[in-house]
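# Descriptive analysis of the structure
Residue-level listing of the chains:
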Amino acid sequence: MLSIQKCNEKTIRMNNRAVNNDAKSSNTDRKTVDNSTTPLLNVHDLSVSFTQYTRGLNQKELKVITNLNVSINHGEILAIVGSSGSGKSLLAHAILGILPANVIISGNMDYKGVSLIPKIQAELRGKEIALIPQSVNFLDPLMKVGKQVRSSVNNGNATKIQRNIFQRYNLEDKVDHMYPFQLSGGMTRRILVSTAIANEAQLIIADEPTPGLDTGIVNETIRTFRELADKGCGIMLITHDIETALKIADRIAVFYAGTTVEIAPVEDFSGNGNNLRHPYSKALWKALPHNDFRPIMGHQPPPNRLPKGCLFAPRCDKATVECHDILPKASSLRGGMVRCIHAS
Amino acid sequence: MRIKRISTFIMNKSIRMATLLIAVCFISFVLISASPIDPVQSYVGADMTRVGSEQREKIAEHWGLDKSPAEQFINWGSSLIRGDLGTSMIFRRPVIEVIKTRFISSLALMGTAWLLSGVIGFLLGNVAAMKQGTWIDKLIKGYCLTLASTPTFWIGLFLLIVFAVWLGWFPIGLGVPAGVLSQDVTLIEHIKHLILPAITLSLVGVSNVALHTRQKLLEVLSSDYILFARARGEKGFQLFWRHGLRNVALPAITLQFTSFSELFGGAVLAEQVFSYPGLGQITVQAGLRGDVPLLLGIVIFSAIFVFIGNLIADAIYYFVDPRTRGGRAI
Ligand SMILES: Nc1ncnc2c1ncn2[C@@H]1O[C@H](COP(=O)(O)OP(=O)(O)OP(=O)(O)O)[C@@H](O)[C@H]1O
Ligand code: SF4
Ligand SMILES: [Mg+2]
């Protein structure tokens, strides 16, 4: 079995503010890491727009992420839930700095207190920040998967590390020499997860890492994430599926139409959802099969038809006149964050 | 398993080749029968007035031209099956021999051009795509688009005027120096005569290959797996070497083999401009002078030539690409 490499506080070059607990790091437990007051990652007021050429030379801006806030601490698993098109993958790509060239980004993203400007992002990608991509098309079709995982290894004997991880995920020796097209969907998912683990990154952004996996593997993946987090890493787990999020997350951020409407401790997702702060998260919670199983009426607005005020207003049963006028600010409430005028 | 795959592949291709050849023979025979050129007249040449009608008939009989087209086709076809392509009217030698000698000199020309345009075009295309939007890209793209829309013969004439006539660096034409016995011609002389036509052919070839490679690599670069490679910290040359080259090489090599037909077409023009004694040049002569056996021989030969190029391309995809190597039907 692979021993997860410790995510000790390798101080990065430009990192001056991050907690320096190198001395204690040999067997870091969650507590020592939690001393940190600077979050591992802090995204504040992030907006992302695509510039698109419409007819002729007319440029149009398509706002896909609006004033988004999210943060991850050392040792924490943050789940991001939200329906398709709510901007989850774009956030992941924005953090890594791999969005296409035609985007305009505003707001702040800090990693260990250091602003994530493109140059810094380029240094951190694949070293401190790792991505587990959403789709199986993200593997090079003409490279053997063993090699693709080995090329993610930053320290140590690549072959040994890769073999160990594969063993952990029940991937036989012969899989090393297979091409992606020869693998089942589930195997490919495990390969994708392996690339991030081989990386020994401190922040892992997992974009839907578990669909199509059987329960055993899902649990193994979840266990891996928990272990990594317990050693001080931060995990951003993007998922459609609240159930998986509930199983492992410390906090859950709810996305809607390109913004975070609520960030809540996982405990708040319980009972009839009264502890939740935002009408959308409440509705989402109630829509689950083991709760009321009552679907939310209407649809999430597409980026080109975002409402002027609160993005949820057209579907909200608590909406008032003000709701249609101004985008509610993010405010702290009962140990969480909410973006709603009438939240209590 | 593997043997079976290879044999089905060869079987399939052989059948395809046979049908192709039969069709090509038939169509070209029909076309030539319908052409207005009188073979007897072109055989005799300018002395037509001195040849009586009796002699004409004799000539026609000698070449089998008095028979109906259908009979001619059957006669020709049956000797073809025995491996006999007939005798060239212009050269008065067996067609097969004529083609062989001409092909060898064409091969030197086409081979050089093929390699040059393949290698240089591939390099330029990759550089342009990796540097998309920069001045290097614009330069390469501009060069390629300009050349791609310039006729081959025009480039040939231009090079001939500048380098052979004005600068005198190269001979003006022909495959070997005039007035020298063929066994006395040195290799250097051969090469000197080869350079200008080969450059002409390559210049045009380069632009095609480069534009194609550029397009292909841009596609690869916008793929998810490149995005993921970047997410893992790969960039620049490393990114190209690990993921770009790998994915762009196969289509490029395949394209190179399927370009035999354009290569042949280009050679016909280039050889004409430089009076280079290759297959292209005699193709034009055989056509203009109604040398039916030679023309048909060349048609068959070039069809096989192009077919082999395509065959190699298919074989590469079929046996080298891991995605098809695993065993997908043709
Ligand atoms: N290159 C692009 N150009 C224009 N719009 C884009 C582009 N990429 C994504 N979008 C839009 O941005 C929005 C958010 O996309 P994103 O991929 O982040 O959604 P997601 O939350 O990850 O959804 P899913 O759960 O389906 O993966 C979508 O409405 C999508 O149409
Ligand atoms: S701000 Fe108004 S419309 Fe938006 S969620 Fe809150 S109550 Fe509903
Ligand atoms: Mg997504």
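The present account deals with the structure reproduced in this document. Everything numeric in this text was worked out from a predicted model, so none of it was measured.

What counts and how
- Counting restarts for each chain, with residues numbered from 1 along the sequence as it is written.
- Chain letters and ligand numbers both follow the written order, the letters beginning at A and the numbers at 1.
- Since the coordinates come from a predicted model, pLDDT governs what is reported: local features require at least 70, and pairs of side-chain atoms require 80 or more to be given and counted, while whole-chain, interface and lining totals use all residues.
- By convention in this description, side-chain values take in all heavy atoms of the structure and omit both hydrogens and water.
- Helix and strand assignments follow DSSP, with helices taken as H or I runs no shorter than four residues and strands as E runs no shorter than two, numbered in order from the N terminus.
- For each residue, the accessible area found with a 1.4 Å probe, counting protein chains only, is set against the maximum for its type, and the residue is called buried under 20%, exposed over 50%, and partly exposed in between.
- Two residues qualify as a contact provided that any one of their heavy atoms is within 4.5 Å of a heavy atom in the partner residue.
- A pair of strands is labelled paired if DSSP reports no fewer than 2 bridges between them.
- By definition, the buried area sums, over both parts, the 1.4 Å-probe accessible area that each loses when the two are put together.
- Here, a salt bridge means any side-chain nitrogen of Lys or Arg that lies within 4 Å of a carboxyl oxygen of Asp or Glu.
- Here a polar contact is recorded for every N or O atom pair within 3.5 Å, except that within protein the pair must consist of a potential hydrogen donor and a potential acceptor, and residues adjacent in sequence are included only if both atoms are side-chain atoms.
- Each residue receives one of three labels: charged for Asp, Glu, Lys and Arg, nonpolar for Ala, Val, Leu, Ile, Met, Phe, Trp, Tyr, Cys and Pro, and polar for the others, Gly being one of them.
- Metal sites are built from N, O and S donor atoms within 2.8 Å, or 3.2 Å for Na, K and Ca, and they leave out water, so they may look incomplete.
- Every angle, taken between N-to-C directions, lies between 0 and 180 degrees, and every axis is a line fitted to C-alpha atoms, over only the stretch in contact when it is a helix.
- With respect to orientation, any angle under 35 degrees is reported as roughly parallel, any angle over 145 as roughly antiparallel, any angle of 65 to 115 as roughly perpendicular, and every other angle as oblique.
- Between the rings of Phe, Tyr and Trp (Trp by its six-membered ring), a pair exists once the centres lie within 6.5 Å; its type follows the angle of the planes, with under 30 degrees stacked, over 60 edge-to-face, and the other angles tilted.

What follows concerns the overall build of chain A. Helices and strands together make up the secondary structure of chain A, namely 9 helices and 12 strands. Among the 344 residues that make up chain A, the fraction classed as buried is 56%. The contacts in chain A between residues at least 6 apart in sequence include a share of 66% that link residues at least 24 apart.

Turning to the sheet that holds strand β5 (residues 114-115) of chain A, a few remarks are in order. Residue and element names in this part refer to chain A. Strand order in the open sheet formed by 4 strands is β2-β1-β4-β5, with antiparallel pairing between adjacent strands. Looking at the sheet topology across the chains shown, the edges are occupied by β2 (59-72) and β5. Bridge analysis of strand β1 (residues 41-53) against β2 gives 10 bridges, and the strand direction is antiparallel. Bridge assignment links Phe 50 to a residue of β2, and that residue is Leu 62.

Here we come to the interface of chain B and chain A. Contact with chain B, which involves 18 residues of that partner, is made by 26 residues of chain A. Between chain B and chain A, roughly 2,000 Å² of surface is buried when both sides are summed, and carbon and sulfur atoms account for 61% of that area. The largest share of the area that chain B buries against chain A comes from B:Phe228, B:Arg232 and B:Arg246, three residues that together contribute 31% of it. Between the two partners, chain B and chain A, sit 0 salt bridges. Our enumeration of links across chain B and chain A arrives at 7 residue pairs in polar contact (both at pLDDT 80 or more). Of all the elements, helix α9 (residues 224-231) of chain B adds the most residues to the side of chain B that touches chain A, at 6 residues. In terms of residue class, the side of chain B that touches chain A is made up of 5 nonpolar, 3 polar and 10 charged.

This part covers the coordination of the magnesium ion (ligand 3). Each donor-metal-donor angle in an ideal tetrahedron of four donors is 109.5 degrees, and each such angle in an ideal octahedron of six donors is either 90 or 180 degrees. Protein coordination of the magnesium ion (ligand 3) is provided by A:Ser89 (OG) and A:Gln134 (OE1), with donor distances spanning 1.9 to 2.2 Å. Here A:Gln134 lies in the loop between β6 (129-132) and α4 (145-150) and A:Ser89 lies in helix α2 (residues 88-96), a separation of 45 residues in the sequence.

Next up on the list: the packing of helix α11 (residues 260-274) of chain B against helix α13 (residues 292-319) of chain B. Residue and element names in this part refer to chain B. Here α11 crosses α13 at 140°, and the two axes come no closer than 8 Å. Classified by the angle their axes make, α11 and α13 are oblique. Together, Phe 260, Ser 261 and Phe 264 of α11 and Ile 298, Ser 302, Phe 305, Val 306 and Gly 309 of α13 make up the contact between the two elements. A per-class count over the contact of α11 with α13 returns 5 nonpolar, 3 polar and no charged.

Moving on to the packing of aromatic side chains. Any pair of aromatic rings gets described here by the distance separating the centres and the angle formed by the planes. All names here are of chain B. One pass over the full model with this rule turns up 16 aromatic pairs over all chains. Geometrically, the ring pair formed by Phe 9 and Tyr 318 is stacked, given 5.0 Å between the ring centres and 15° between the ring planes. With Phe 9 in helix α1 (residues 2-34) and Tyr 318 in helix α13, this pair connects stretches of sequence that are 309 residues apart. Note on Trp 154 and Phe 158: the rings are 5.8 Å apart at their centroids and 5° apart in plane angle, and the pair reads as stacked. Of this pair, Trp 154 and Phe 158 both sit in helix α7 (residues 152-166), 4 residues apart, which is roughly one turn of that helix. Residue class for Trp 154 comes out partly exposed when judged on its relative accessible area of 47%. According to the relative accessible area criterion, Phe 158 is partly exposed, its value standing at 45%.

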